[in-house]
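Listed below, chain by chain, are the residues.
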Amino acid sequence: MEENKEALKELKEKLLLKRKNAYYNMSDEDIADCDKFCEDYKDFMDRSKIEREAVIYSIDLLEKNGFVEYKKGMKLKAGDKIYRNNRDKAILMAVIGKAPIEEGVRLCAAHIDSPRLDLKQNPLYEDNEIALFKTHYYGGIKKYQWTTIPLALHGVVVKADGTRVKVTIGEDENDPVFCVTDLLPHLATAQMQKPLAKGITGEQLNIIIGSRPFKDDEESGAVKLNIMNILYEKYGITEADFISSELEAVPAFKAKDIGFDRSMIGAYGHDDKVCAYTALRATVDCKDPVHTVVTVLTDKEETGSDGNTGLCSAYLEYFIADIAEELGSDGRTVLSASECLSADVNAAFDPTFPEVNERNNCAYINRGVVVTKYTGARGKSGTSDASAEFTGRVRRLMDEKKVIWQTGELGKVDEGGGGTVAAYIANLNVDTIDLGVPVLSMHAPYEIVSKIDTYMAYKAFIAFCED
Ligand code: MN
Ligand code: MN
């Protein structure tokens, strides 16, 4: 009887897939390293709420670690570390490997834009002595979530003479913040009857920015004039300068530990800065890579990757071609031999909303980094669907390097769906698979990730870069 039990246990061990909390497979030392890494991540999050700030942070970290700005024609050799800034909104970086460049590069791709409220081109108006900004939301949001939370304003304004003014207001402890209002429940009878998607409309996402009039003017518009006067005194900008600006309203929250056990992190923009930061750090920290490592932190993923800072543009292809040519090869040869981890977040199983996921094929927080073979919607529409062979290769790599990982797809079949940049990179004839961190409340102003999963993403990128 006892023997039978033992044999059964062995058979289970050999044949069945095990899925459990990564915590059980980590030593105290691993957990300490993980928690330390996540402190750095939180600092990055507080400094990098928009893509431009993530680029500034990245350049600073890269230069401190010996990376230099790459200009076409620069001589390259194994061990060289370079970066290219694409219009201050996306960044490429590379560590030249020892292997011939024809063997391809190890490419990590993540995005540094997150859903938010952009100011319109003519944003400023006054209504009944309240000054407001009109906004146009960016990316997929549930609009009601963006009301009655503190908002900060980040971005740039290009003035009439071409000079550029950087704006960050609402992040410092002493800064004012801004806010979109919502109806009081007492008067929301009609609103509460509407479906959730229509409770707050796009044109209701107006941000309150002031209410005191300019003191020498009792005409209508005095509040607007007063705001413009404050902005002129602080930034030297006039109303017309908004036309050539990119100002983004983002949640003014700081990244914080979540839970009595501090096992999770709450922050704005984990999608996809959690993969961007872990890929950036892996590129900086990887030791003597065999193959050339290329990491791209891109813009515009949340709006479909179009535009010259999004991954449908040729900027990644050009960078790899420039490196390839410098090392005596060409872009298409190198791309065709390359492998890519398309680093983006996935939805984590939420016990409050279990009905949207199929429990055998979704990601869970604390079970490690999630490898996603295909994304898309309906009949896998819009996916690149990694091959069994490449999925097998990544699986072996993760196991060999002791990275704790899981698989998961985004929700039940026909429940919805979503895509990543994987398809655009795979379209360049690169073996590509999605890998990232599971997130709770994705695209909400305050998203949640697990510290262990974040750390495992970093370990996965290190394993890939050093392989
Ligand atoms: Mn994403
Ligand atoms: Mn997203």
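Please read all numbers here as calculations on a predicted model, not as lab measurements.

Caption draft 1: Examining helix 8 (residues 315-326) more closely. Counted at 1.5 Å a residue, the expected span for helix 8 with its 12 residues is 16 Å, and the 17 Å between its end C-alpha atoms agrees. Those residues of helix 8 lying buried are Y315, L316, F319, I320, A321, D322, I323 and A324. Close packing links the buried residues of helix 8 with strand 2 (81-86), strand 3 (90-95), strand 4 (105-111), strand 14 (292-298), helix 9 (331-336) and helix 11 (422-426). Just past helix 8, the residue G328 takes up positive phi, approximately 85°.

Caption draft 2: Structural view of the packing of helix 7 (residues 270-285) against helix 12 (residues 451-466). Look at helix 7 against helix 12: their axes get within 8 Å of each other, and the N-to-C directions meet at 40°. Relative to helix 12, the element helix 7 is oriented oblique. The crossing of helix 7 and helix 12 is right-handed. Of the residues in helix 12, those touching helix 7 at V274, C275, T278, A279, R281, A282 and D285 are T454, A457, Y458, F461, I462 and E466. Looking at the contact of helix 7 with helix 12 residue by residue, the class counts come to eight nonpolar, two polar and three charged.

Caption draft 3: Focus on the coordination of the manganese ion (ligand 2). Protein coordination at the manganese ion (ligand 2): the donors are D271 (OD), E302 (OE), E302 (OE) and H443 (NE2), at 2.1 to 2.6 Å from the metal. Counting gaps between the donor residues of the manganese ion (ligand 2) yields the pattern D-x30-E-x140-H. Between the manganese ion (ligand 2) and the manganese ion (ligand 1) the interatomic distance amounts to 3.3 Å, and D271 serves as a bridging ligand to the pair. With D271 in helix 7 and H443 in the loop between strand 22 (438-439) and strand 23 (447-450), the pair connects residues that are 172 residues apart, well separated along the chain. In terms of burial, D271 and H443 fall into one category: buried.

Caption draft 4: Looking closely at the domain arrangement of the protein. Assigned domains within the protein: domain 1 (18-114 + 268-466) and domain 2 (116-251). Computed from C-alpha coordinates alone, the two centres of domain 1 and domain 2 are separated by 33 Å. At the junction of the two partners, domain 1 supplies 19 residues and domain 2 supplies 18 residues. Taking both sides of the interface into account, the surface hidden between domain 1 and domain 2 amounts to around 1500 Å²; carbon and sulfur atoms contribute 48%. Put simply, domain 1 and domain 2 have five salt bridges between them. The closest approach of N and O atoms between D88 and R164, which form a salt bridge, is 2.9 Å. Here the residues of the side of domain 1 that touches domain 2 are counted per class, giving five nonpolar, three polar and 11 charged.

Caption draft 5: Focus on the pattern of salt bridges. Counted according to the given criterion, the structure contains 34 salt bridges. Between D43 and R47 there is a salt bridge whose closest N-O contact spans 2.9 Å. One end of the pair, D43, and the other, R47, are both in helix 2 (residues 28-47), four residues apart, so they sit about a helical turn from each other. On the accessibility criterion, D43 (33% relative accessible area) is partly exposed. R393 is paired through a salt bridge with E339; the nearest N and O atoms lie 2.6 Å apart. Of this pair, R393 sits in helix 10 (residues 388-400) while E339 is found in strand 15 (residues 339-343), placing the two residues 54 residues apart along the sequence. There is no split in this pair, since R393 and E339 are both buried. Through salt bridges with shared partners, a single network forms among E39, K42, D257, R262 and K451.

Caption draft 6: Here's a closer look at the layout of surface pockets. The volume enclosed by the largest pocket comes to roughly 1200 Å³. When residues of the lining of the largest pocket are assigned to their parent elements, the largest contribution, three residues, is made by strand 21 (residues 431-436). Class assignment for the residues of the lining of the largest pocket results in 15 nonpolar, 20 polar and eight charged. A domain split of the lining of the largest pocket shows at least three residues from each of domain 1 (18-114 + 268-466) and domain 2 (116-251). If you trace the second largest pocket, you find 26 residues lining it, with L17, K18, D399, W405 and Q406 closest to the centre. Listing elements by their share of the lining of the second largest pocket, those giving two or more residues are strand 17 (369-372), helix 10 and strand 19 (405-407). The class makeup of the residues in the lining of the second largest pocket is nine nonpolar, eight polar and nine charged.

Caption draft 7: Main features of the coordination of the manganese ion (ligand 1). At this site the manganese ion (ligand 1) is bound by H111 (NE2), D271 (OD), D344 (OD) and D344 (OD), with donor distances of 2.1 to 2.6 Å. Mapping the donors of the manganese ion (ligand 1) onto the primary sequence gives the spacing H-x159-D-x72-D.

Caption draft 8: Quick look at the pairing of strand 17. Every second residue of strand 17 is oriented toward a common face, with V369 and V371 on one face and V370 and T372 on the other, all of them buried. Relative to strand 19, strand 17 is paired through three bridges, and the arrangement is parallel. Bridged to V370 within strand 19 is Q406. Relative to strand 21, strand 17 runs antiparallel, the two sharing three bridges. Each residue of the ladder has a partner; that of V370, found in strand 21, is G436.

Rules used in this analysis
Residues numbered from 1 in each chain as written. Chains lettered and ligands numbered in written order. Predicted model: local features only at pLDDT ≥ 70, side-chain atom pairs only at ≥ 80, totals over all residues. Heavy atoms only, no water. Helix = DSSP H or I, 4+ residues; strand = E, 2+ residues; numbered from the N terminus. Expected span 1.5 Å × (residues − 1). Buried < 20%, exposed > 50% of the residue type's maximum accessible area, 1.4 Å probe, protein only. Contact = heavy atoms within 4.5 Å. Axes fitted to C-alpha atoms, helices over the stretch in contact; angles between N-to-C directions. Parallel < 35°, antiparallel > 145°, perpendicular 65-115°, else oblique. Left-handed = near helix turned anticlockwise from the far one by under 90°. Nonpolar A, V, L, I, M, F, W, Y, C, P; charged D, E, K, R; others polar. Donors = N, O, S within 2.8 Å, 3.2 Å for Na, K, Ca; no water. Domains from an automatic or database assignment. Buried area = accessible area lost by both parts, 1.4 Å probe. Salt bridge = Lys/Arg side-chain N within 4 Å of Asp/Glu carboxyl O. 1 Å grid on protein atoms, 1.4 Å probe; cavity = no way out; pocket = protein on both sides within 12 Å on 5 of 7 lines; lining within 4 Å. Points joined across faces, edges and corners; volume = space filled by probe spheres on them. Pairing = 2+ DSSP bridges.

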